[in-house]
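Survey of secondary and tertiary structure
Below are the chains, spelled out letter by letter.
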Amino acid sequence: EAQPDAVLTWCDPESASTLLAEMRRAGIQAWFVGAPDIMSDEFIHRAGRQEAKVLAFVHEAQVVDGPAARTFDAKFTERNVMGRTQRRPDSRAYRSLLATDHLATALTNAGSDRGRVRHELQTMERTVSGERHCDELIARRTVKLARLVDGRWETLDLAARLDGP
């Protein structure tokens with residue numbers, strides 16, 4: 001019978017711990033990878049402190065900085081304060097602006113033909129503005145994982161090995 005190397009879940013701590021318990025009872029010793037929500041006392045209590053092969057994605061607020069981002073933040077905040085919503089932008093709002101600007105430029109240059117738009121987007125990736133745009137998006141997509149070790153979560157370096165206890 002084939003054994004998976006890992007099982008990826010994206011659910012609440014209660015459901016995740018129940019699934020993990022069922023996997024272990026069935027003899028499945030694969031890595032269990034869960035959503036940031038499982039990094040909780042509830043999950044540890046339900047899963048058990050001795051569980052060794054559990055990883056979770058670490059939730060981190062993504063920060064975008066730089067002159068363009070600060071200008072965007074100020075204008076967004078001003079508009080919303082005047083509109084009385086008192087809402088501040090998150091990093092996705094600025095990245096959405098960059099992506100929309102990138103696509104609008106491609107549409108302006110290529111017209112409405114999808115093939116030409118795709119080609120234009122690929123070409124733009126190799127220009128100064130395209131590289132800046134892509135670099136800003138890619139630089140913000142770092143993933144952090146935590147490993148459950150002796151009943152506590154330890155953040156891992158992406159280069160960390162998962163072998164061993």
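Residues numbered from 1 in each chain as written. Predicted model: local features only at pLDDT ≥ 70, side-chain atom pairs only at ≥ 80, totals over all residues. Heavy atoms only, no water.

Moving on, we get to the pairing of strand E5 (residues 152–156). Two strands pair when backbone bridges link them, and strand E4 (residues 145–149) and E5 are joined in this way by five bridges, in the antiparallel orientation. Bridge pairing in E5 links Leu 148 to Trp 153. Between E4 and E5, which follow one another and run antiparallel, lie two residues, and Asp 150 among them has a positive phi close to 50°. (Pairing = 2+ DSSP bridges. Helix = DSSP H or I, 4+ residues; strand = E, 2+ residues; numbered from the N terminus.)

On to the packing of aromatic side chains, then. For the structure shown, the criterion picks out three aromatic pairs. With a centroid separation of 5.5 Å and an interplanar angle of 55°, the aromatic rings of Trp 10 and Phe 57 are classed as tilted. Here the residue Trp 10 occupies a position in the loop between strand E1 (6–8) and helix H1 (13–25), and Phe 57 occupies one in strand E3 (residues 54–57), the gap between them amounting to 47 residues. Accessibility expressed as a relative area gives 24% for Phe 57, which makes it partly exposed. Ring geometry for Phe 32 versus Phe 43: centroids 6.3 Å apart, planes at 15°, classification stacked. In this pair, Phe 32 sits in strand E2 (residues 31–34) while Phe 43 sits in helix H2 (residues 41–47), placing the two residues eleven residues apart along the sequence. Summarising the burial analysis for this pair, Phe 32 and Phe 43 share the class buried. Among the aromatic residues, those joined into a cluster by ring pairs are Phe 32, Phe 43 and Trp 153. (Phe/Tyr/Trp six-rings, centres within 6.5 Å; stacked < 30°, edge-to-face > 60°. Buried < 20%, exposed > 50% of the residue type's maximum accessible area, 1.4 Å probe, protein only.)

What follows covers H1. End to end, H1 covers 18 Å across 13 residues, agreeing with the expected 18 Å (1.5 Å per residue, within 8%). Of all the positions in H1, only Pro 13, Ala 16, Ser 17, Leu 20, Met 23 and Arg 24 are classed as buried. One side of H1 carries all its buried residues, which in axial view fall inside an arc of 120°. As for H1, its buried residues are in contact with E1, E2, H2 and E3. Capping the start of H1 is the job of one residue whose side-chain oxygen sits 3.1 Å from the backbone nitrogen of Glu 14: Asp 12. (Expected span 1.5 Å × (residues − 1). Arc of directions from axis to C-beta. Contact = heavy atoms within 4.5 Å. Polar contact = N/O pair within 3.5 Å; in protein donor to acceptor, adjacent residues only side chain to side chain.)

All right, on to the environment of Ala 21 then. As for its position among the elements, Ala 21 is in helix H1. In this structure, the C-alpha to C-alpha distance between Ala 21 and Ala 47, residues 26 residues apart in sequence, is 6.8 Å.

Our next topic: the pattern of salt bridges. Taken as a whole and assessed by the stated rule, the structure comprises two salt bridges. Here Glu 22 makes a salt bridge to Arg 25, at a shortest N to O gap of 2.6 Å. With Glu 22 and Arg 25 both in helix H1 and three residues apart, this pair spans about one turn of that helix. Among the ionic pairs, Arg 152 bridges to Glu 154, the shortest N-O distance being 2.7 Å. Judged by its relative accessible area of 45%, Arg 152 falls in the partly exposed class. Residue classification places Glu 154 among the partly exposed residues on the basis of a relative accessible area of 30%. (Salt bridge = Lys/Arg side-chain N within 4 Å of Asp/Glu carboxyl O.)

A few words on the sheet that holds E5. What links the strands of a sheet is backbone hydrogen bonding, and the strands pair in either a parallel or an antiparallel sense. Read across the open sheet, the five strands follow the order E1-E2-E3-E4-E5; overall the sheet is mixed. Unpaired on one side and paired on the other, E1 and E5 mark the two borders of the sheet. Each strand of the sheet is rotated relative to its neighbour by a mean of 25°, with strand direction disregarded. Pairing between E3 and E4: three bridges, direction antiparallel. In the sheet register, Ala 56 faces E4, and the bridge partner there is Ala 146. Each of E1, E2 and E3 touches H1; the most contacted strand, E2, lies at about 170° to it. (Axes fitted to C-alpha atoms, helices over the stretch in contact; angles between N-to-C directions.)

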